[in-house]
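One-letter residues, chain by chain:
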Amino acid sequence: MEDFEGQFAALSIAKRSEQNKDPTYLLDIDCSKTAAGAGNQQLVAVSCSNKSIHVYNKQTLGLVGQYSGHSGPICGVRFAQTSDNLLFTASGDGTVRCWDVRTPGTDAVQVFRGYPSNVFSSFDVNCSDLVICAGTEKVHEDTFMVFWDARVVNSNGTAGAQPLGVYSESHNDDITQVRFHPSKPDMVVSGSTDGLVNVFDIGTDTEDDALLATCNSDSSVSSITWSGERYDQICCLTHDEGLFWWDLAQLETEEPITLLSVQDARETTEIQGGHLDYLISGMYHERAKKLVVVGGTNTGKLHLLDCRAEGLRHMCALQDSHSATVRCFHWHTGDDSLLTAGEDAQLLLWKPGAEEHSTGKKGLMKSVSSVQQKTRVHSKNMWKRKK
(Lines give C-alpha, C1' and ligand atoms only; values in the text may rest on other atoms or scores of the structure.)
Protein backbone atom coordinates (compact mmCIF):
# COMPACT_ATOMS: atom_id res chain seq x y z
CA MET A 1 0.00 0.00 0.00
CA GLU A 2 2.78 2.42 0.85
CA ASP A 3 4.46 1.89 -2.51
CA PHE A 4 1.13 2.32 -4.27
CA GLU A 5 0.32 5.62 -2.59
CA GLY A 6 3.91 6.81 -2.54
CA GLN A 7 4.10 6.36 -6.28
CA PHE A 8 1.36 8.92 -6.79
CA ALA A 9 2.54 11.25 -4.03
CA ALA A 10 5.98 11.41 -5.68
CA LEU A 11 4.56 12.59 -9.02
CA SER A 12 5.86 15.95 -10.21
CA ILE A 13 5.91 17.74 -13.54
CA ALA A 14 8.59 16.50 -15.93
CA LYS A 15 7.46 18.32 -19.07
CA ARG A 16 4.95 20.95 -20.10
CA SER A 17 3.77 21.54 -23.67
CA GLU A 18 4.37 24.89 -25.35
CA GLN A 19 1.56 27.40 -24.91
CA ASN A 20 -0.50 27.75 -28.09
CA LYS A 21 -0.96 31.20 -29.61
CA ASP A 22 -4.70 30.55 -29.80
CA PRO A 23 -5.52 28.64 -26.61
CA THR A 24 -8.10 25.90 -26.99
CA TYR A 25 -9.54 23.42 -24.53
CA LEU A 26 -7.84 20.01 -24.60
CA LEU A 27 -10.71 17.54 -24.31
CA ASP A 28 -9.53 13.95 -24.67
CA ILE A 29 -6.20 12.13 -24.68
CA ASP A 30 -4.67 8.80 -25.66
CA CYS A 31 -1.15 7.41 -25.86
CA SER A 32 0.32 4.93 -28.35
CA LYS A 33 1.04 1.57 -26.78
CA THR A 34 4.63 1.42 -28.05
CA ALA A 35 6.96 3.56 -30.14
CA ALA A 36 5.49 4.83 -33.41
CA GLY A 37 5.88 7.59 -35.95
CA ALA A 38 9.04 9.37 -36.97
CA GLY A 39 12.06 8.32 -34.94
CA ASN A 40 10.13 5.49 -33.26
CA GLN A 41 8.87 7.80 -30.54
CA GLN A 42 5.91 7.10 -28.28
CA LEU A 43 3.11 9.47 -29.23
CA VAL A 44 0.35 11.31 -27.40
CA ALA A 45 -2.80 12.42 -29.22
CA VAL A 46 -5.06 15.17 -27.87
CA SER A 47 -8.38 16.38 -29.26
CA CYS A 48 -8.98 20.13 -29.12
CA SER A 49 -12.06 22.31 -28.88
CA ASN A 50 -11.20 23.93 -32.24
CA LYS A 51 -11.93 20.56 -33.96
CA SER A 52 -8.26 19.73 -34.53
CA ILE A 53 -6.07 16.88 -33.25
CA HIS A 54 -2.55 17.49 -31.93
CA VAL A 55 0.06 14.72 -31.72
CA TYR A 56 3.07 15.06 -29.39
CA ASN A 57 6.29 13.21 -28.62
CA LYS A 58 5.53 11.79 -25.18
CA GLN A 59 9.01 12.25 -23.73
CA THR A 60 9.53 15.85 -24.87
CA LEU A 61 5.90 16.99 -25.34
CA GLY A 62 7.09 18.56 -28.57
CA LEU A 63 4.38 18.88 -31.21
CA VAL A 64 5.05 16.44 -34.06
CA GLY A 65 1.83 16.73 -36.04
CA GLN A 66 -1.62 18.24 -36.41
CA TYR A 67 -4.72 16.96 -38.17
CA SER A 68 -7.91 18.69 -39.24
CA GLY A 69 -10.90 17.58 -41.24
CA HIS A 70 -13.76 17.25 -38.80
CA SER A 71 -16.46 19.90 -39.15
CA GLY A 72 -18.06 19.18 -35.78
CA PRO A 73 -16.81 18.87 -32.19
CA ILE A 74 -14.46 15.91 -31.64
CA CYS A 75 -15.85 13.47 -29.06
CA GLY A 76 -12.85 11.16 -28.65
CA VAL A 77 -9.40 10.09 -29.78
CA ARG A 78 -7.99 6.53 -29.77
CA PHE A 79 -4.80 4.91 -31.01
CA ALA A 80 -5.27 1.52 -32.63
CA GLN A 81 -4.40 -1.35 -30.30
CA THR A 82 -2.41 -3.39 -32.80
CA SER A 83 -0.85 -0.63 -34.93
CA ASP A 84 0.50 2.51 -33.30
CA ASN A 85 0.63 4.20 -36.70
CA LEU A 86 -3.16 4.53 -36.81
CA LEU A 87 -5.20 7.05 -34.86
CA PHE A 88 -9.01 7.18 -34.76
CA THR A 89 -11.20 10.18 -33.94
CA ALA A 90 -14.97 10.68 -33.90
CA SER A 91 -17.00 13.85 -34.24
CA GLY A 92 -20.42 15.42 -34.10
CA ASP A 93 -20.16 15.73 -37.88
CA GLY A 94 -21.25 12.08 -38.13
CA THR A 95 -17.89 10.57 -39.06
CA VAL A 96 -15.15 8.49 -37.51
CA ARG A 97 -11.79 9.20 -39.15
CA CYS A 98 -8.59 7.16 -39.23
CA TRP A 99 -5.27 9.04 -39.52
CA ASP A 100 -1.74 7.81 -40.28
CA VAL A 101 0.56 9.43 -37.69
CA ARG A 102 3.57 8.89 -39.96
CA THR A 103 2.24 11.57 -42.32
CA PRO A 104 1.27 14.64 -40.23
CA GLY A 105 -1.03 17.21 -41.76
CA THR A 106 -2.52 14.91 -44.39
CA ASP A 107 -6.13 13.88 -44.89
CA ALA A 108 -7.63 10.92 -43.08
CA VAL A 109 -6.74 7.58 -44.67
CA GLN A 110 -10.23 6.26 -43.96
CA VAL A 111 -13.59 7.86 -43.18
CA PHE A 112 -16.36 5.86 -41.51
CA ARG A 113 -19.69 7.58 -42.06
CA GLY A 114 -22.84 7.21 -40.03
CA TYR A 115 -26.41 7.72 -41.17
CA PRO A 116 -27.54 11.23 -42.23
CA SER A 117 -29.04 12.21 -38.86
CA ASN A 118 -26.15 10.90 -36.73
CA VAL A 119 -24.35 13.32 -34.40
CA PHE A 120 -21.67 11.34 -32.59
CA SER A 121 -21.07 12.04 -28.91
CA SER A 122 -18.80 9.08 -27.97
CA PHE A 123 -16.86 6.24 -29.58
CA ASP A 124 -14.30 3.46 -29.09
CA VAL A 125 -12.36 0.80 -31.01
CA ASN A 126 -12.26 -2.79 -29.72
CA CYS A 127 -9.08 -4.50 -28.52
CA SER A 128 -8.56 -6.38 -31.79
CA ASP A 129 -9.03 -3.23 -33.92
CA LEU A 130 -11.76 -5.02 -35.87
CA VAL A 131 -14.85 -3.11 -34.71
CA ILE A 132 -15.59 0.58 -34.21
CA CYS A 133 -18.62 1.73 -32.24
CA ALA A 134 -19.93 5.30 -31.93
CA GLY A 135 -22.81 6.56 -29.79
CA THR A 136 -25.07 9.36 -31.01
CA GLU A 137 -26.94 12.28 -29.56
CA LYS A 138 -30.70 11.96 -29.52
CA VAL A 139 -32.23 13.31 -32.73
CA HIS A 140 -36.04 13.39 -32.72
CA GLU A 141 -36.77 10.06 -30.97
CA ASP A 142 -33.68 8.20 -32.18
CA THR A 143 -30.51 7.30 -30.28
CA PHE A 144 -28.06 4.86 -31.88
CA MET A 145 -24.94 2.85 -31.26
CA VAL A 146 -23.41 2.57 -34.75
CA PHE A 147 -20.93 -0.20 -35.67
CA TRP A 148 -18.35 -0.51 -38.48
CA ASP A 149 -15.86 -3.10 -39.64
CA ALA A 150 -12.56 -1.29 -39.04
CA ARG A 151 -10.80 -3.42 -41.66
CA VAL A 152 -12.69 -1.84 -44.55
CA VAL A 153 -10.26 -0.15 -46.92
CA ASN A 154 -11.56 1.84 -49.88
CA SER A 155 -9.50 2.95 -52.83
CA ASN A 156 -10.58 6.44 -51.82
CA GLY A 157 -10.78 6.71 -48.04
CA THR A 158 -12.93 9.83 -48.18
CA ALA A 159 -15.68 7.88 -49.93
CA GLY A 160 -16.67 6.55 -46.53
CA ALA A 161 -17.03 3.09 -45.05
CA GLN A 162 -20.70 2.27 -44.36
CA PRO A 163 -21.96 0.92 -41.00
CA LEU A 164 -22.45 -2.75 -40.28
CA GLY A 165 -25.61 -1.84 -38.36
CA VAL A 166 -26.93 -0.15 -35.23
CA TYR A 167 -28.39 -0.77 -31.77
CA SER A 168 -31.38 1.53 -31.30
CA GLU A 169 -33.54 0.18 -28.45
CA SER A 170 -31.33 0.26 -25.35
CA HIS A 171 -30.96 4.03 -24.70
CA ASN A 172 -33.45 6.89 -25.05
CA ASP A 173 -31.10 9.87 -24.72
CA ASP A 174 -27.59 11.01 -25.73
CA ILE A 175 -24.97 8.24 -25.48
CA THR A 176 -22.09 9.90 -23.66
CA GLN A 177 -19.76 6.90 -23.28
CA VAL A 178 -18.83 3.78 -25.28
CA ARG A 179 -16.07 1.55 -23.86
CA PHE A 180 -14.95 -1.82 -25.20
CA HIS A 181 -13.55 -4.39 -22.78
CA PRO A 182 -9.70 -4.32 -22.59
CA SER A 183 -9.33 -7.97 -23.66
CA LYS A 184 -12.77 -9.28 -24.78
CA PRO A 185 -13.38 -7.88 -28.28
CA ASP A 186 -17.13 -8.60 -28.29
CA MET A 187 -17.93 -6.97 -24.96
CA VAL A 188 -18.83 -3.28 -24.85
CA VAL A 189 -20.47 -1.01 -22.27
CA SER A 190 -22.39 2.18 -23.01
CA GLY A 191 -23.58 5.06 -20.84
CA SER A 192 -26.12 7.80 -21.50
CA THR A 193 -27.77 10.92 -20.18
CA ASP A 194 -30.78 8.65 -19.58
CA GLY A 195 -28.86 7.32 -16.55
CA LEU A 196 -28.48 3.78 -17.90
CA VAL A 197 -25.25 1.80 -18.30
CA ASN A 198 -25.71 -1.17 -20.65
CA VAL A 199 -23.40 -4.15 -21.11
CA PHE A 200 -23.47 -5.91 -24.50
CA ASP A 201 -22.01 -9.00 -26.13
CA ILE A 202 -21.94 -7.91 -29.78
CA GLY A 203 -21.08 -11.43 -30.93
CA THR A 204 -24.78 -12.32 -30.82
CA ASP A 205 -27.24 -11.80 -33.66
CA THR A 206 -29.69 -9.26 -32.22
CA GLU A 207 -29.60 -6.27 -29.90
CA ASP A 208 -32.01 -7.95 -27.50
CA ASP A 209 -29.80 -11.02 -27.23
CA ALA A 210 -26.66 -8.88 -26.99
CA LEU A 211 -27.86 -6.94 -23.93
CA LEU A 212 -26.40 -8.75 -20.92
CA ALA A 213 -27.23 -6.29 -18.13
CA THR A 214 -28.51 -2.79 -17.44
CA CYS A 215 -27.30 -0.73 -14.49
CA ASN A 216 -28.93 2.53 -13.39
CA SER A 217 -26.80 5.46 -12.24
CA ASP A 218 -29.82 7.69 -11.51
CA SER A 219 -28.10 10.52 -13.40
CA SER A 220 -26.35 11.50 -16.63
CA VAL A 221 -23.27 9.32 -17.23
CA SER A 222 -19.98 11.19 -17.77
CA SER A 223 -17.35 8.42 -17.64
CA ILE A 224 -17.05 4.63 -17.65
CA THR A 225 -13.96 2.60 -16.68
CA TRP A 226 -13.41 -1.16 -16.73
CA SER A 227 -11.72 -2.38 -13.54
CA GLY A 228 -10.98 -5.46 -11.45
CA GLU A 229 -8.39 -8.21 -11.82
CA ARG A 230 -10.41 -9.80 -14.63
CA TYR A 231 -11.84 -6.46 -15.76
CA ASP A 232 -15.30 -7.65 -14.79
CA GLN A 233 -16.17 -4.50 -12.85
CA ILE A 234 -17.44 -1.13 -14.08
CA CYS A 235 -16.81 2.27 -12.51
CA CYS A 236 -19.37 4.85 -13.63
CA LEU A 237 -19.10 8.60 -12.94
CA THR A 238 -21.96 11.04 -13.47
CA HIS A 239 -22.22 14.69 -14.48
CA ASP A 240 -23.38 15.60 -10.97
CA GLU A 241 -20.23 13.99 -9.49
CA GLY A 242 -21.75 10.70 -8.44
CA LEU A 243 -19.87 7.38 -8.54
CA PHE A 244 -21.21 3.86 -9.00
CA TRP A 245 -19.05 0.73 -8.91
CA TRP A 246 -20.61 -2.50 -10.13
CA ASP A 247 -19.32 -6.09 -10.16
CA LEU A 248 -20.56 -7.95 -13.24
CA ALA A 249 -19.20 -11.21 -11.84
CA GLN A 250 -22.19 -11.19 -9.46
CA LEU A 251 -24.81 -11.12 -12.22
CA GLU A 252 -25.38 -14.86 -12.04
CA THR A 253 -25.33 -15.00 -8.22
CA GLU A 254 -27.55 -13.72 -5.44
CA GLU A 255 -24.84 -11.34 -4.21
CA PRO A 256 -25.34 -7.57 -4.65
CA ILE A 257 -23.84 -6.23 -7.85
CA THR A 258 -23.18 -2.76 -6.36
CA LEU A 259 -19.78 -2.44 -4.66
CA LEU A 260 -20.08 1.30 -3.98
CA SER A 261 -22.66 4.02 -4.56
CA VAL A 262 -21.77 7.69 -3.97
CA GLN A 263 -24.42 10.26 -4.83
CA ASP A 264 -22.10 13.29 -4.67
CA ALA A 265 -18.37 12.81 -4.16
CA ARG A 266 -17.93 16.52 -3.41
CA GLU A 267 -19.92 16.14 -0.20
CA THR A 268 -18.64 12.76 1.00
CA THR A 269 -14.92 12.82 0.15
CA GLU A 270 -12.83 14.23 2.98
CA ILE A 271 -9.88 16.26 1.70
CA GLN A 272 -7.80 17.80 4.45
CA GLY A 273 -7.20 21.47 3.79
CA GLY A 274 -8.91 21.32 0.39
CA HIS A 275 -12.02 20.50 -1.57
CA LEU A 276 -13.23 18.65 -4.66
CA ASP A 277 -15.12 20.35 -7.50
CA TYR A 278 -15.47 17.50 -10.00
CA LEU A 279 -14.49 13.95 -10.94
CA ILE A 280 -12.71 13.27 -14.24
CA SER A 281 -12.53 9.49 -14.63
CA GLY A 282 -11.25 6.29 -13.09
CA MET A 283 -8.26 4.05 -13.86
CA TYR A 284 -7.39 0.54 -12.77
CA HIS A 285 -3.86 0.10 -11.40
CA GLU A 286 -2.99 -3.47 -12.38
CA ARG A 287 0.05 -3.97 -10.14
CA ALA A 288 -1.65 -2.64 -7.03
CA LYS A 289 -5.00 -4.16 -8.05
CA LYS A 290 -6.67 -0.90 -7.11
CA LEU A 291 -9.27 1.36 -8.68
CA VAL A 292 -8.12 4.98 -8.62
CA VAL A 293 -10.40 7.94 -9.35
CA VAL A 294 -8.98 11.30 -10.43
CA GLY A 295 -10.77 14.54 -9.63
CA GLY A 296 -9.87 18.18 -9.27
CA THR A 297 -10.75 21.80 -8.62
CA ASN A 298 -11.73 24.54 -11.04
CA THR A 299 -8.37 26.22 -10.40
CA GLY A 300 -6.41 23.22 -11.71
CA LYS A 301 -5.45 21.24 -8.61
CA LEU A 302 -5.69 17.47 -9.07
CA HIS A 303 -6.81 14.96 -6.44
CA LEU A 304 -6.09 11.22 -6.58
CA LEU A 305 -8.63 9.07 -4.75
CA ASP A 306 -8.48 5.42 -3.67
CA CYS A 307 -11.82 3.77 -4.48
CA ARG A 308 -12.82 1.09 -2.01
CA ALA A 309 -16.06 -0.45 -0.76
CA GLU A 310 -16.07 1.95 2.22
CA GLY A 311 -15.97 4.98 -0.07
CA LEU A 312 -13.49 7.32 -1.72
CA ARG A 313 -10.32 8.02 0.25
CA HIS A 314 -8.06 10.93 -0.62
CA MET A 315 -4.47 9.85 -1.27
CA CYS A 316 -2.69 12.98 -2.49
CA ALA A 317 -3.01 16.26 -4.37
CA LEU A 318 -0.99 17.37 -7.38
CA GLN A 319 -0.57 21.11 -7.15
CA ASP A 320 1.05 24.02 -9.02
CA SER A 321 0.13 22.46 -12.32
CA HIS A 322 -2.92 23.46 -14.35
CA SER A 323 -4.65 26.82 -13.99
CA ALA A 324 -8.14 25.70 -15.01
CA THR A 325 -10.36 22.62 -15.10
CA VAL A 326 -8.58 19.40 -16.11
CA ARG A 327 -10.62 17.49 -18.69
CA CYS A 328 -8.66 14.27 -19.27
CA PHE A 329 -5.69 12.16 -18.20
CA HIS A 330 -3.78 9.04 -19.23
CA TRP A 331 -1.90 6.77 -16.82
CA HIS A 332 0.91 4.65 -18.29
CA THR A 333 1.83 1.65 -16.14
CA GLY A 334 5.04 0.95 -18.05
CA ASP A 335 6.89 3.97 -16.67
CA ASP A 336 4.42 5.09 -13.97
CA SER A 337 3.80 8.35 -15.79
CA LEU A 338 0.68 10.50 -15.87
CA LEU A 339 -0.44 12.80 -18.68
CA THR A 340 -3.02 15.50 -17.95
CA ALA A 341 -4.71 18.13 -20.13
CA GLY A 342 -7.53 20.60 -19.81
CA GLU A 343 -9.09 24.01 -20.27
CA ASP A 344 -5.84 25.96 -19.81
CA ALA A 345 -4.61 24.48 -23.14
CA GLN A 346 -1.75 22.76 -21.32
CA LEU A 347 -0.53 19.17 -21.68
CA LEU A 348 1.57 18.02 -18.72
CA LEU A 349 3.74 14.95 -18.20
CA TRP A 350 4.14 13.78 -14.59
CA LYS A 351 6.77 11.32 -13.37
CA PRO A 352 7.85 10.25 -9.86
CA GLY A 353 10.56 12.56 -8.56
CA ALA A 354 10.84 14.52 -11.82
CA GLU A 355 12.14 18.07 -12.14
CA GLU A 356 10.57 20.27 -14.76
CA HIS A 357 12.80 21.43 -17.61
CA SER A 358 10.64 23.25 -20.11
CA THR A 359 10.35 26.57 -21.87
CA GLY A 360 6.58 26.25 -21.91
CA LYS A 361 4.76 28.84 -19.83
CA LYS A 362 2.05 27.92 -17.42
CA GLY A 363 -1.42 28.46 -18.82
CA LEU A 364 -3.10 31.66 -17.69
CA MET A 365 -6.65 30.75 -18.64
CA LYS A 366 -8.97 30.50 -15.67
CA SER A 367 -12.48 29.38 -16.43
CA VAL A 368 -15.28 27.33 -14.99
CA SER A 369 -15.86 24.10 -16.90
CA SER A 370 -18.31 24.43 -19.77
CA VAL A 371 -19.50 20.84 -19.40
CA GLN A 372 -23.28 20.93 -19.22
CA GLN A 373 -24.52 19.51 -15.94
CA LYS A 374 -27.35 17.23 -17.06
CA THR A 375 -29.30 15.68 -14.23
CA ARG A 376 -32.32 13.45 -14.44
CA VAL A 377 -34.76 11.79 -12.07
CA HIS A 378 -34.84 8.04 -12.67
CA SER A 379 -36.11 4.83 -11.20
CA LYS A 380 -34.39 3.84 -7.98
CA ASN A 381 -33.80 0.31 -9.27
CA MET A 382 -30.03 0.44 -9.53
CA TRP A 383 -29.64 -2.56 -11.81
CA LYS A 384 -31.41 -5.48 -13.37
CA ARG A 385 -30.32 -8.83 -14.73
CA LYS A 386 -31.16 -9.70 -18.32
CA LYS A 387 -33.99 -12.23 -18.16
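Residues numbered from 1 in each chain as written. Predicted model: local features only at pLDDT ≥ 70, side-chain atom pairs only at ≥ 80, totals over all residues. Heavy atoms only, no water.

## Points about the overall build of the protein
(1) Moving on: A tally of regular secondary structure across the protein gives three helices and 29 strands.
(2) Moving on: The proportion of buried residues among the 387 residues of the protein is 57%.
(3) Moving on: Of the roughly 16600 Å² of accessible surface on the protein, a fraction of 47% belongs to carbon and sulfur atoms. (Helix = DSSP H or I, 4+ residues; strand = E, 2+ residues; numbered from the N terminus. Buried < 20%, exposed > 50% of the residue type's maximum accessible area, 1.4 Å probe, protein only. Areas by Shrake-Rupley, 256 points an atom, 1.4 Å probe, with all protein chains shown as cover.)

## Observations concerning the UniProt feature "repeat: WD" (unreviewed entry) in the protein
(1) Moving on: UniProt's feature table lists "repeat: WD" (unreviewed entry) at residues 67–103, 168–210 and 319–351, given in the numbering used throughout.
(2) Moving on: Each end of residues 67–103 is marked by a C-alpha atom, and these two atoms are 10 Å apart; helix forms 0% of the span and strand 51%.
(3) Moving on: Along residues 319–351 the backbone is 0% helical and 55% strand, and the end-to-end C-alpha distance reaches 14 Å. (UniProt positions renumbered as here; feature names shortened; annotations may be inferred.)

## Digging into the sheet that holds strand E20 (residues 243–247)
(1) Moving on: Read across the open sheet, the four strands follow the order E18-E19-E20-E21; overall the sheet is antiparallel. Looking at strand neighbours, the two that pair on one side only are strand E18 (221–227) and strand E21 (258–262), the edges of this open sheet. Pairwise comparison of adjacent strand axes, ignoring direction, gives a mean angle of 15° for this sheet. (Pairing = 2+ DSSP bridges. Axes fitted to C-alpha atoms, helices over the stretch in contact; angles between N-to-C directions.)

## Re the sheet that holds strand E6 (residues 74–79)
(1) Moving on: On the basis of which strands lie adjacent, the open sheet formed by four strands has the order E6-E7-E8-E9 and antiparallel pairing. Every interior strand has two partners, whereas the edge strands, E6 and strand E9 (110–113), have only one. Across the sheet, the mean angle separating the axes of adjacent strands is 15° when strand polarity is ignored.
(2) Moving on: Note: E6 against strand E7 (residues 86–91), five bridges, orientation antiparallel. Bridge assignment links Gly76 to a residue of E7, and that residue is Ala90.

## What about the packing of aromatic side chains?
(1) Moving on: In this structure the tally under the stated criterion is nine aromatic pairs.
(2) Moving on: Residues Phe120 and Trp148 carry aromatic rings whose centres are separated by 5.6 Å and whose planes lie at 90° to one another, so their mutual orientation is edge-to-face. A residue pair is termed long-range when its members are at least 10 positions apart, and Phe120 in strand E10 (residues 120–125) and Trp148 in strand E12 (residues 145–149) qualify at 28 residues. Considered together, Phe120 and Trp148 belong to a single accessibility category, that of buried residues.
(3) Moving on: Taking the centre distance of 5.5 Å and the plane angle of 75° together, the rings of Tyr231 and Tyr284 count as edge-to-face. You can see Tyr231 sitting in the loop between E18 and strand E19 (233–238) and its partner Tyr284 sitting in strand E22 (residues 278–285), a full 53 residues away along the chain. Each member of the pair Tyr231 and Tyr284 is classed as buried.
(4) Moving on: What links up through ring pairs into an aromatic cluster is the set Phe4, Phe8 and Trp331. (Phe/Tyr/Trp six-rings, centres within 6.5 Å; stacked < 30°, edge-to-face > 60°.)

## Points about the side chain of His171
(1) Moving on: Examined against the element boundaries, His171 turns out to sit in the loop between strand E13 (165–167) and strand E14 (175–180).
(2) Moving on: The exposure class of His171 is buried, given its relative accessible area of 7%.
(3) Moving on: At 2.7 Å, the side chain of His171 forms a polar contact with the side chain of Ser190.
(4) Moving on: For His171, the side chain forms a polar contact with the side chain of Asn198, separated by 3.2 Å.
(5) Moving on: Excluding residues that lie within four positions of it along the chain, His171 makes contacts with Thr143, Ser190, Gly191, Ser192, Asp194, Leu196 and Asn198. (Polar contact = N/O pair within 3.5 Å; in protein donor to acceptor, adjacent residues only side chain to side chain. Contact = heavy atoms within 4.5 Å.)

## Digging into the environment of Leu260
(1) Moving on: In this structure, Leu260 sits in strand E21.
(2) Moving on: The exposure class assigned to Leu260 is buried, which follows from its relative accessible area of 8%.
(3) Moving on: A C-alpha to C-alpha distance of 9.7 Å links Leu260 and Asp247, two positions 13 residues apart in sequence.
(4) Moving on: Excluding anything up to four places from it in sequence, Leu260 contacts Leu243, Phe244, Trp245, Cys307, Arg308, Ala309, Glu310 and Gly311.

## Examining the pattern of salt bridges
(1) Moving on: Taken as a whole, this structure holds 13 salt bridges when the rule is applied.
(2) Moving on: Between Lys289 and Glu229 there is a salt bridge whose closest N-O contact spans 3.5 Å. Placement of Lys289 in the loop between E22 and strand E23 (290–296) and of Glu229 in the loop between E18 and E19 is noted, with a sequence separation of 60 residues between them.
(3) Moving on: Of the residues examined, Glu229 reaches a relative accessible area of 59% and is grouped as exposed. (Salt bridge = Lys/Arg side-chain N within 4 Å of Asp/Glu carboxyl O.)

## Focus: the pairing of strand E3 (residues 43–48)
(1) Moving on: Counting buried positions over the six residues of E3 gives six, a clear majority of the element.
(2) Moving on: Side chains of E3 alternate between two faces, with Leu43, Ala45 and Ser47 and Val44, Val46 and Cys48 buried alike.
(3) Moving on: Direction of pairing for E3 relative to strand E4 (residues 53–57): antiparallel, over a ladder of five bridges. Pairing of Ser47 across the sheet is with Ile53, part of E4.
(4) Moving on: Counted along the chain from E3 to the antiparallel partner E4, the turn is four residues long, and its residue Lys51 has a positive phi close to 75°.

## Focus: unusual backbone geometry
(1) Moving on: The phi dihedral of Lys289 falls on the positive side, at around 55°, and the residue is not glycine.
(2) Moving on: The backbone of Asp336 shows a phi angle near 55°, a positive value even though the residue is not glycine.
(3) Moving on: In this structure Asp336 comes out as buried when scored by relative accessible area, which is 16%.

## What to know about the pairing of strand E24 (residues 302–308)
The side chains of a regular strand alternate, residue by residue, between the two faces of the sheet.
(1) Moving on: Of all seven residues in E24, six are buried, a share of seventy percent or more.
(2) Moving on: Where E23 meets E24, six bridges bridge the pair, whose relative direction is antiparallel. Paired with Val292 across the strands is Asp306, a residue of E24.
(3) Moving on: With antiparallel pairing between neighbouring strands as the criterion, E23 and E24 make up a hairpin whose turn holds five residues, including Gly300 at a positive phi of roughly 105°.
(4) Moving on: As judged from the seven bridges shared by E24 and strand E25 (residues 311–318), these two strands associate in the antiparallel manner. Among the inter-strand pairings, Leu305 is bridged to a residue of E25, identified as His314.
(5) Moving on: Following E24, the chain reverses through two residues before pairing antiparallel with E25.

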